[in-house]
Amino acid sequence: MKRSHATGLLAVLLIGLVIGFLLEIAFAASGAPMVVPPATLPLTLILLAVVVVSLAWQVRQGSRRRALRRIDPFWAMRVAVLSKATSLSASLLLGIAFGIVLYILTRSVVPAVTSLWLAIGTALGAALMLTAGLVAENFCTLPPDDDTDEPGGTRA
């Protein structure tokens, strides 16, 4: 599995921004109320970020040389895939939240202020979840081998 790169995450973020903005425009054109993220969404995103980092921390502790117990490689791979999925989905949610914020700020008549703060809170929660996913990916990498005995870098 390859680690996440900024270009892929930015592409997903831009796709989410376009989706969020166009979704709001479509709802406004049809006369439906605008999409407002619920107040529990930022809290849920933060909780998911904590869970992913704690799982990845267990993998990191098990991958050290002097680990007390050996870690299951299949479980470690599942945690690594979960961390990558977390970073990608958080990037999409961050883009959607930015699209909603952009829609609210570009209107001549600003909707209720609470909808703006809920969208900003969702963006902050998604940014924290994106950061947690990237940190968890870093935790799931193997440490470099210390096979060199001499400062010159020749292997024994």
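Data block above holds the structure.
I will try to describe carefully the structure that is included in this document.

### Quick word on the packing of aromatic side chains
At step 1: Per the stated rule, a full pass over the model turns up 2 aromatic pairs.
At step 2: Note on W57 and F139: the rings are 5.3 Å apart at their centroids and 65 degrees apart in plane angle, and the pair reads as edge-to-face. Pair noted here: W57 is in helix α2 (residues 40-62) and F139 is in helix α4 (residues 113-139), with a separation of 82 residues, a long-range link.

### Quick notes on the environment of G125
At step 1: If you trace the backbone, G125 turns up in helix α4.
At step 2: Residue classification places G125 among the buried positions, given a relative accessible area of 1%.
At step 3: Apart from the residues within four sequence positions on either side, G125 is in contact with P42, L45 and I46.

### Side note on the layout of surface pockets
At step 1: The volume enclosed by the largest pocket comes to roughly 390 Å³.
At step 2: Looking at the largest pocket, it is lined by 17 residues, and the ones nearest its centre are V59, A76, C140, T141 and L142.
At step 3: Elements with a contribution of two residues or more to the lining of the largest pocket: α2, α3 (73-105) and α4.

Reading guide: rules and limits
Residues numbered from 1 in each chain as written. Predicted model: local features only at pLDDT ≥ 70, side-chain atom pairs only at ≥ 80, totals over all residues. Heavy atoms only, no water. Phe/Tyr/Trp six-rings, centres within 6.5 Å; stacked < 30°, edge-to-face > 60°. Helix = DSSP H or I, 4+ residues; strand = E, 2+ residues; numbered from the N terminus. Buried < 20%, exposed > 50% of the residue type's maximum accessible area, 1.4 Å probe, protein only. Contact = heavy atoms within 4.5 Å. 1 Å grid on protein atoms, 1.4 Å probe; cavity = no way out; pocket = protein on both sides within 12 Å on 5 of 7 lines; lining within 4 Å. Points joined across faces, edges and corners; volume = space filled by probe spheres on them.

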